[in-house]
Amino acid sequence: MNSTPVLQLKGIHKIFPSVHALKGVNFTLRAGEIHALLGENGAGKSTLIKVMTGVYQRDSGDILLDGQPIFPNNTGDAQALGVSTVYQEVNLLPNLTVAQNIYLGREPRRFGLINWGKVNRDAQELLKGYDLDIDVTLPLSSYSIAVQQLIAIARGVDMSAKVLILDEPTASLDADEVQSLFRIMRDLKARGIGIVFVTHFLDQVYAVCDRITILRNAQLVGEFETATLSRSELIGHMLGKELAALGDHKPPTNSECGDALLNVQGIGRNATLSPTDLQVCKGEVVGLAGLLGSGRTELCRLIFGVDKKHNGSITFNGKTVNVNSPRDAITAGMGLCPEDRKHDGILGQLSIRENMILARQIKQGWWKFISRKEQEEIANRYVKELSIATSDIEKPIEQLSGGNQQKVILARWLAANPSLLILDEPTRGIDIGAHAEIIRLIRKLCDQGLALVVASSELEELVAFSNKVIVLRDRQKVAELEDGDINPQRIMQAIASN
Amino acid sequence: MNTLSKNQNLRRYLWPCAGLLVLLVINVIIAPEFFHIEFKDGRFYGSLIDVLNRAAPVALLAIGMSLVIATAGVDLSVGSIMAIAGAVSAYYITKGVDNLALIIGAGLIAGLIAGIVNGFLVGYMSIQPIVATLILMVAGRGIAQLVNEGQIVTFDHSGFAFLGTGSFLGLPFPVVLVIITFAIVQLLTRRTALGLYIEAVGANPSASHYMGLNAKAIKMSVYCVAALCAALAGMIAAADIRGSDANNAGLWLELDAILAVVIGGASLMGGRFSIFLAIIGALIIQTLTVTIILSGIPPKFNLLIKASAIIVVLLLQSPLFQKQLAQLKFRKATSVTNTAKEAKNA
Amino acid sequence: MLNRKFIPLAVTCCLFFLLFGIGSIQFDGFGTPRVFFNLLSDNAFLIIAAVGMTFVILSGGIDLSVGAVIALTGVVCSVLISKYQWHPLVVFPVVLIGGTVFGAMMGAIIHYYKMQPFIVTLAGMFFARGLASVISEESIPIEHEFYNQVSAFGFEIVGEAWIGSSTIICLMVLIVAIIAAHYTRFGGRVYAIGGDANSSALMGIPLAATTIHIYAISSFLATLAGIVYSFYTFSGYSLAAVGVELDAIAAVVIGGTLLTGGYGYMFGTLMGVLIMGVVQTYISFDGTLSSWWTKIVIGGLLFCFIALQQLLVRIKPR
């Protein structure tokens, strides 16, 4: 195997206003290898890729391509240097034809005009090299994502790629499509191209990758040879053990479970989640474990009615509830803190106070207005109770740090007096101090009799507070662990087992 | 503890109000009689009252428009809706209907129907607001002409004319209508949660969905409110001239209404709104017109000055421009200190 | 199988022939080459403006300043020619350059300050109309031998059909625009930005330059349309061509271009203008229908095409 590094990143730091996204990360890619880049959401994978491809500029550190330092200012620069990227959401143009997409910006011309005949012939010829014999004059949108991905790869490689970055290329492919993608990847590897492969499917990592780099919490965990790294070691590295202080299994003890508060029977949605059962009692925490894409988030969204379920039923507080929208779930007495705080959680321009009272207001109905005085009381109370670091409840929430934003979202639901709270990755992307606080808070809430469903990629965290852990893999439930069985090893085994 | 919040809220109100104040001061300087108000025959007269009266239609439109813009939308059809409402009420008057409530009701219902059409296209068919309301902007005037059968329909109905030319407690009746509408909409949005819902949908549609807000219904309602305001403004315009002119009633007023809202500091991207500031915006536009007249600049400069004002306001709202301004200031400051240092060293 | 992307264009073409056919059956002298070519010459300025608008809409933007630029052009031309005695052939390049710079500035503001096209071009519209009325509030006649010659120029073809200078200019613009949109790298960039500006940037398309070019072209063509318009009226008037931007937008949409950008054809825009022209001709032939029906019909057509587009976008092919 060729062992010269084609792309080297040394001590990369990237700092955003609210978060330190990369803390001195190193990464080495050799020519002619497939190198997996792994990590959970918020670990820093996508930031690292964006630094490599010029979407972001690094704050410090070096990028060496063939030993020469490079400073790409945009993706065009990176492409010209030989670093191409194919994203999960294929970043081509659905409205243009396949051939146009491949040659956009570099179309062969004759007499100053684009020579469409040659564009189409060349594109057809090029794609044959990727086992694609398709009509290149049709719009890109007429083909499946798998084909679009191959087209994007063909474009990237044709623009003289030395380095090809594949960002979650297999997320929406079926098994056959994945195999043909792998064939192409091995083919390109044999041609001496270095491939960075980002994925959350561990099987695929073992199937094609030579080496693995793992990131966690914006830091490098390590670089490993695939052949010598066992699956459970790998999962251990990804999910981490840093929160050892919280590691004692200390679930809330006052759970008094006669009839379950929430009883979910066979809830599922085509292509999203196989039918799944779930029971939660008052004062109990149920943890949802699993890797990214395992169905954690999907289960949360289905219970709360964000997505419409295709099958299954929900009993809440002894009554069958028909949850077709978040409003139904809220009326029944549930709350959901979504995973993507910025996109689905905060109302950036609005004040902390308004963000906090909105769920309660919606539960009461628009005509029963919560008076300004009461709003301020609620907001001040939660600012104090959750020790939210702000001088002022009228500050727009977007000016807070991630951890404090998360606390405001928690307060939003607490103010609505739910009997069940679903937290999807409540500690994602927040600093370690706030992290510990939120975990303390979860314990406290349970002691007050609230039932919680918590999805998390932090195993130690789940172990610390769960009465019960549901393990998901490949969009279905694969295990349900109770009290004594709840420890990181058992969860990892359940995730890793085939 | 609340000083910061007060500062932020103050800053929102500061610029538009200061702008209006500056214009008023300029007016007084160049024409001292500007603030002169006379009480005659049971009503006030004076330049200031004139400004209020003339600004009334745009202020009404701006009330509705500020809600629409808060949901990250825009309603281009309000001018046409004015024409339709004016035409419909004129139609009933000329058909011999004498009951004022019926006439006004008919105009408002015509407006409401237009609002429902807009709300349906934007909320339920998810067509971009500019495009959806463009349809009624084009077709609306045709419909108004159809109702009028292509004529300028004049009428004589003292009750209806009161809408445009009457007075109440000494104030011109259009101004009274603006105050009433302002009070109603303000109550509806700020004494219930509707205002917060509207801001939430504009600020982050996805998060609003996660909290169970019905964005479709909220959009429908804001386009209906905008259309109702427009219908009222249309009837005032018709009552003012005792006739319905489908071609010119409310022509280009949708643009003035959008500008009023923007001058009031609202972002076209949606989110925060203030009806009060939108009305201040409408007053600024009208006062600026008067300022131009008073200062002896020929009225033909009106549009050019207005355009320049808009461009300045838009630029001032742009984050990049603010940054560039800050850099300019910084550079000046550093160059000053540098020269000071050099002077010292020398 | 008919390629999906041609459906709106096909509908537009069929609609035109349907309307023209109905008119021909109903009225004597409707279905003649003369009426057809009159559609072209009567609407030449609108076609030119709509071609510029097509570039803008294809890129996902909108330009509300078109009508005002036409009026401003007329006023500047008439002042320079009648008051200052410039030769039209000197005036035209000057106004065309001025118009292009105006559009480029709007494009630059839209791109660099990240403002919505509609509000920026709205300010541009006020600015252009304002400047026009500052220059002259009255209509200024244009008297110049060159104007007489140009507007008299032309030749007759079959069936008393007359091809005049405005028709020739508008057809030339159309041909160049079709080539630019479909056979140059610039055209590809316009479609790319309209499809997805983020992806385009990731694929290395220069967003700033392309956006500025697009609005510069739109204003250039609006200026040219203003020149052609002045051949009809022999005058410049600051309140001329009110609402032409709406007609142009309507023509582009009826021509099958997606208002959200990325899909559409230059040729469709021609058909869109012709459909609007046929509706007008039909109404004037009929005599009993009133002119306001034009607006209502165009509004109805706008609705139908927007609904059709929404339908095509919703039902994604698999």
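Note: the structure precedes this text.
What counts, and where the lines are drawn
Residues numbered from 1 in each chain as written. Chains lettered and ligands numbered in written order. Predicted model: local features only at pLDDT ≥ 70, side-chain atom pairs only at ≥ 80, totals over all residues. Buried ≥ 20, exposed ≤ 12 C-beta atoms within 10 Å, placed from the backbone. Helix = DSSP H or I, 4+ residues; strand = E, 2+ residues; numbered from the N terminus. Contact = placed C-beta atoms within 7 Å. Axes fitted to C-alpha atoms, helices over the stretch in contact; angles between N-to-C directions. Parallel < 35°, antiparallel > 145°, perpendicular 65-115°, else oblique. Left-handed = near helix turned anticlockwise from the far one by under 90°. Nonpolar A, V, L, I, M, F, W, Y, C, P; charged D, E, K, R; others polar. Pairing = 2+ DSSP bridges.

Student: Please give an account of helix α8 (residues 194-203) of chain B that cites residues and values.
Tutor: α8 of chain B sits mainly inside the fold: ten of its ten residues count as buried. Three or more residues of α8 of chain B are buried, namely Leu194, Gly195, Leu196, Tyr197, Ile198, Glu199, Ala200, Val201, Gly202 and Ala203 of chain B. Structurally, α8 of chain B contributes buried residues whose contacts are with α12 (352-364) of chain A together with α2 (47-70), α7 (173-190), α9 (205-210) and α10 (215-241) of chain B.

Student: With reference to specific residues and values, describe the packing of helix α3 (residues 78-94) of chain B against α10 of chain B.
Tutor: All names here are of chain B. It is at 7 Å that the axes of α3 and α10 come closest, and there the two elements cross at 55°. Between α3 and α10, the angle is such that the two are oblique. In this structure, the crossing between α3 and α10 has a hand that is right-handed. Of the residues in α10, those touching α3 at Val78, Ile81, Met82, Ala83, Ile84, Ala85, Gly86, Ser89 and Ala90 are Ala226, Ala227, Ala230, Ala231, Ala233, Gly234, Met235, Ala237 and Ala238. Looking at the contact of α3 with α10 residue by residue, the classes come out as 15 nonpolar, three polar and no charged.

Student: Hey, could you go over the sheet that holds strand β2 (residues 20-30) of chain A for me, with residue numbers and the actual values?
Tutor: The strands that make up a sheet pair up through hydrogen bonds in the backbone, lying either parallel or antiparallel. All names here are of chain A. Here we have four strands laid out as an open sheet, ordered β2-β1-β4-β5, and antiparallel in their pairing. Either end of the sheet is taken by a strand with one partner, and the two such strands are β2 and β5 (68-69). Looking at chain direction, strand β1 (residues 5-15) and β2 are connected through eight bridges and run antiparallel. Paired with His13 across the two strands is Lys23, which belongs to β2.

Student: Please give an account of unusual backbone geometry that cites residues and values.
Tutor: One non-glycine residue, Arg242 of chain B, adopts positive backbone phi at about 50°. Looking at the element boundaries, Arg242 of chain B is found in the loop between α10 and β6 (243-244). By C-beta crowding, Arg242 of chain B is classed as partly exposed, having 18 other C-beta atoms within 10 Å. In the Ramachandran plot, Lys114 of chain C falls in the positive-phi region, its phi being about 50° despite a non-glycine side chain. Structurally, Lys114 of chain C can be placed in the loop between α5 (88-112) and α6 (117-135).

Student: I'd like to hear about the interface of chain C and chain B, residue by residue, with values.
Tutor: In this assembly, 35 residues from chain C lie in contact with 30 residues from chain B. The residue inventory of the side of chain C that touches chain B, partitioned by class, reads 23 nonpolar, eight polar and four charged.

Student: Could you give an account of the packing of α12 of chain A against helix α14 (residues 402-415) of chain A, naming the residues involved and the relevant values?
Tutor: Residues and elements named next belong to chain A. Running from N to C, α12 and α14 cross one another at 35°; their axes reach a closest spacing of 6 Å. The handedness of the crossing between α12 and α14 is right-handed. In this structure, α12 uses Ile352, Asn355, Met356, Ile357, Leu358, Ala359 and Arg360 to contact α14, whose residues at the interface are Val408, Ala411, Arg412, Trp413 and Ala415. A breakdown of the residues in the contact of α12 with α14 according to their chemical character gives nine nonpolar, one polar and two charged.

Student: Talk me through the sheet that holds strand β13 (residues 262-269) of chain A; I want residue IDs and the actual numbers.
Tutor: Residue and element names in this part refer to chain A. As summarised here, the arrangement of the four strands in space is β14-β13-β16-β17, forming an open sheet in which the pairing is antiparallel. One side of each edge strand has no neighbouring strand; the edge strands of this open sheet are β14 (273-280) and β17 (319-321). Taking the axes of each pair of neighbouring strands and ignoring which way they run, one obtains an average angle of 25° across the sheet. Across three bridges, strand β16 (residues 311-316) lies against β17 in antiparallel orientation. Looking at the pairing, Thr315 lines up with Thr320 of β17.

Student: Quick rundown of helix α9 (residues 185-195) of chain C? Include the residues and the values.
Tutor: α9 of chain C sits mainly inside the fold: eight of its eleven residues count as buried. Along α9 of chain C, the residues classified as buried are Gly188, Arg189, Val190, Tyr191, Ala192, Ile193, Gly194 and Gly195 of chain C. If you follow the buried residues of α9 of chain C, they end up packed against α3 (98-103) of chain A together with α3 (44-58), α8 (165-183), α10 (197-202) and α11 (207-233) of chain C.

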